[in-house]
Amino acid sequence: VGQEVVKACSGKFHPLYQWFYFDSAESLPKELLPAEELLQPDSRFGAQIAVFGRAIQSRLLDMNCFLVGAGALGCEFLKGFAVMGIACGRGTVSVTDDDTIERSNLSRQFLFRDWNIGQSKSTVAADAARAINPSINIEAMQNRVSPQTENFFNDEFWQALDIVVNALDNVTARLYVDSRCVYFSKPLLESGTLGTKCNTQMVIPHLTENYGASRDPPEKEAPMCTLHSFPHNIDHCLAWARSEFEGMFEQAPAEANVYLEDPVKYVESARSATDSLTKEKVEKVLDCLATNRCSSYEDCLVWARMKFQDYFHDRIAQLVYTFPEDALTSSGTPFWSPPKRFPKPVMFDTSDQAHVMFVRSMANLKAGVYGIATPDWDEAKALALLSRTEIPEFKPKSGVKIETDPNATANRPALSDESVILN
């Protein structure tokens, strides 16, 4: 709602109520065309012919085009194909997308409507393109373009194409399509979007470099100390949450399963290793199979409540104890200066739905790890259990080292007693 209010007040993303001037002289024919080549007043594409000529329009009508993806970019391309007259003669537009329409797609994939939810994107998009221009020859497919579907998208299919257009959302698929275009010497229009930013690349065989010939520099990742102790934007919070989720509900159970397959072999391998990564894996196994093992849904709720206390109270309280609000750096400047934000511990409140939902969600995930059935949610019973849960009183520790150097290596401390864990 807030985003819509800002858009309404600022006028951002609204249509431009003025002439839009776009200079693309390089798209015009190199030589002046005779007047008769530019006239076709009875055609739907008369204005286009007046700029590019009949020969170009004829090539568009007979073009065989392969559009990979029917999402946000795919919808834009299909609209453009329909109004330009691509494949409205002897040509064909082949569009493929193995995804189905979800409600979240409707805000930006404008060829879809509420009643299309659950239907194939390529099929619905193809029907919408026919509604724009009934003359378009279009074939909708639901196959993913990958090495596994080369029996479907075979040599004959690729050789018959005049151009390939990518409307994909992942680099792996883009690189594969690019490799096929290089192999069959087919021109490729590559494009992508990220928020309000976008990029396009026209790949012409034997003239330009292909998409896979160069790579974007890797995105900068936030330092671990920023994610864990000094987040200052929502991206940091999301990255921290995902890291914790993968550690607790994916990596730890997977490592525990490796141990259970052959405990003797696992212990021998762990004892012979001396790196910190192995110690971390052993700690995950211990946590999953012993320290925080749950046998009932009530255990999962209690565990989730303790996690809330650890994440949002104890760790924050320790951070505040180590670095008080008036703390100074070695150079005498305030420690809590922008972009650092001084944190405040959160007390669990059963009347706060965000707190309750966090505990409930964590308990459900923990139950899923151990194959524990999730009962129907009885909020009164759950809150009574959480109210009875004994929470150890927080006692700040002196001498705790909290990393503040963004260039420091994010190594975990060694376990206090490896022999006890391994035995």
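Source: prediction; values computed, not measured.

Asker: Which residues make up the packing of aromatic side chains, and what are the values?
Answerer: Scanning the entire structure with this criterion turns up 25 aromatic pairs. Taking the centre distance of 5.1 Å and the plane angle of 80 degrees together, the rings of Trp240 and Tyr311 count as edge-to-face. Of this pair, Trp240 sits in helix 10 (residues 234-261) while Tyr311 sits in helix 13 (residues 297-322), and the two are 71 residues apart along the sequence. Note on accessibility: Trp240 and Tyr311 belong to one class, buried. Taken together, the ring pairs connect Phe66, Phe152, Phe153, Phe157, Trp158, Tyr183 and Phe184 into an aromatic cluster. Just above the ring of Trp303 sits the side chain of Lys366; from NZ or CZ to the centre is 4.4 Å.

Asker: An account of a nonpolar patch on the surface is requested, with residue identities and associated values reported.
Answerer: Taken together, the side chains of Met202, Ile204 and Leu207 present a nonpolar region at the surface, about 280 Å² in accessible area. When you line up the elements, Leu207 lands in the loop between strand 6 (197-203) and helix 9 (224-228). Its relative accessible area of 66% is what places Leu207 among the exposed residues.

Asker: Can you tell me about the environment of Phe184, naming the residues and giving the values?
Answerer: Its location among the elements puts Phe184 in helix 8 (residues 171-184). A sequence separation of 88 residues divides Phe184 from Ser272, and the C-alpha atoms of the two residues are 52 Å apart. Beyond its immediate chain neighbours, meaning those up to four positions away, Phe184 contacts Asp155, Trp158 and Gln159.

Asker: For the nonpolar core, give the residues involved together with the corresponding values.
Answerer: Counting residues in hydrophobic clusters, the biggest one holds 29 residues, and the most contacted among them are Leu67, Leu78, Phe81, Ile86, Val93 and Ile138. If you list the elements that add at least two residues to this core, you get strand 1 (65-68), helix 5 (72-84), strand 2 (93-96), helix 6 (121-132) and strand 4 (163-166). Here the element with the most residues in this core is helix 5; it accounts for six residues. Excluding its chain neighbours within four sequence positions, the residues that come into contact with Leu78 are Leu67, Val93, Val95, Leu111, Ala125, Ala126, Ala129 and Ile138. Judged by nonpolar contacts, the second largest core, of 25 residues, contains Trp240, Ala256, Leu301 and Ile372.

Asker: So what about helix 5? Which residues, and what values?
Answerer: End to end, helix 5 covers 19 Å across 13 residues, agreeing with the expected 18 Å (1.5 Å per residue, within 8%). Those residues of helix 5 lying buried are Leu73, Gly74, Cys75, Phe77, Leu78, Gly80, Phe81 and Ala82. At the C-terminal side of helix 5, Gly85 shows a positive phi close to 90 degrees.

Asker: Can you break down the layout of surface pockets residue by residue, with the values?
Answerer: In this structure, the second largest pocket spans a volume of roughly 1,600 Å³. As for the second largest pocket, its lining consists of 31 residues, and the residues nearest its centre are Leu60, Met84, Ile163, Leu189 and Met202. Elements with a minimum of two residues in the lining of the second largest pocket: helix 3 (46-52), helix 4 (54-61), helix 5, strand 4 and strand 6. Split by residue class, the lining of the second largest pocket holds 20 nonpolar, five polar and six charged.

Asker: Go over the environment of Gly71 with me, naming the residues and quoting the values.
Answerer: Locating Gly71 in the fold gives a position in the loop between strand 1 and helix 5. The sequence separation of Gly71 and Ser330 amounts to 259 residues, and the corresponding C-alpha distance is 53 Å.

Asker: Got a sec to walk through the pattern of salt bridges? Specific residues and values, please.
Answerer: Applying the stated criterion to the full structure yields eleven salt bridges. Here Glu246 ties to Arg242 by a salt bridge, and the two come within 3.1 Å at their closest N and O atoms. On the criterion of helical spacing, the pair formed by Glu246 and Arg242 is a turn pair, its members being four residues apart in helix 10. With a relative accessible area of 25%, Glu246 lands in the partly exposed category. The structure contains a network of salt bridges with shared partners spanning Glu150, Asp155 and Arg180.

Asker: Please set out the pairing of strand 2 residue by residue, giving values where relevant.
Answerer: Judged by which residues are buried, strand 2 turns out to be covered on both faces: Val93 and Val95 on one side and Ser94 and Thr96 on the other are all buried. Judged from the four bridges that link them, strand 1 and strand 2 form a sheet pairing that is parallel. By the bridge assignment, Phe66 is partnered in strand 2 with Ser94. You can see the chain leave strand 1, run along helix 5 and come back into strand 2, and the turn it takes is right-handed. The pairing of strand 2 with strand 3 (residues 138-141) spans four bridges and is parallel.

Asker: Give a description of the packing of helix 10 against helix 14 (residues 353-370) that names residues and reports values.
Answerer: The angle between the axes and the distance between the axes are what describe a pair of packed helices. The N-to-C vectors of helix 10 and helix 14 enclose an angle of 10 degrees; their axes lie 10 Å apart at closest approach. Classified by the angle their axes make, helix 10 and helix 14 are roughly parallel. From helix 10, Phe245, Met248, Phe249 and Pro253 reach across to helix 14, where they touch Met362, Leu365, Lys366 and Val369. Its residues placed into classes, the contact of helix 10 with helix 14 shows seven nonpolar, no polar and one charged.

Asker: Can you explain unusual backbone geometry? Please cite residues and give values.
Answerer: For the peptide bond that leads from Pro338 to Pro339, omega is 10 degrees, which places it in the cis range. Position of Pro339 relative to the elements: it lies in the loop between helix 13 and helix 14. Positive phi, normally seen in glycine, also occurs at Ala87, with a value near 60 degrees. Note on placement: Ala87 falls in the loop between helix 5 and strand 2.

Asker: I'd like a rundown of the environment of Leu60, residues and numbers included.
Answerer: The topology assignment puts Leu60 in helix 4. Leu60 sits 27 residues away from Ala87 along the chain, and the two C-alpha atoms are 6.4 Å apart. Once you skip the residues sitting within four places of it in the chain, Leu60 turns out to touch Gln48, Met84, Gly85, Ile86 and Ala87.

About the criteria used
Residues numbered from 1 in each chain as written. Predicted model: local features only at pLDDT ≥ 70, side-chain atom pairs only at ≥ 80, totals over all residues. Heavy atoms only, no water. Phe/Tyr/Trp six-rings, centres within 6.5 Å; stacked < 30°, edge-to-face > 60°. Helix = DSSP H or I, 4+ residues; strand = E, 2+ residues; numbered from the N terminus. Buried < 20%, exposed > 50% of the residue type's maximum accessible area, 1.4 Å probe, protein only. Lys NZ or Arg CZ within 6 Å of the ring centre and 35° of its normal. Patch = residues over 30% accessible without salt bridge, like charges linked within 9 Å, V, L, I, M, F, W, Y side chains within 5 Å. Areas by Shrake-Rupley, 256 points an atom, 1.4 Å probe, with all protein chains shown as cover. Salt bridge = Lys/Arg side-chain N within 4 Å of Asp/Glu carboxyl O. Contact = heavy atoms within 4.5 Å. Core = buried A, V, L, I, M, F, W, Y, C linked by side-chain atoms within 4.5 Å. Expected span 1.5 Å × (residues − 1). 1 Å grid on protein atoms, 1.4 Å probe; cavity = no way out; pocket = protein on both sides within 12 Å on 5 of 7 lines; lining within 4 Å. Points joined across faces, edges and corners; volume = space filled by probe spheres on them. Nonpolar A, V, L, I, M, F, W, Y, C, P; charged D, E, K, R; others polar. Pairing = 2+ DSSP bridges. Right-handed = clockwise from strand over helix to strand, strands pointing away. Axes fitted to C-alpha atoms, helices over the stretch in contact; angles between N-to-C directions. Parallel < 35°, antiparallel > 145°, perpendicular 65-115°, else oblique.

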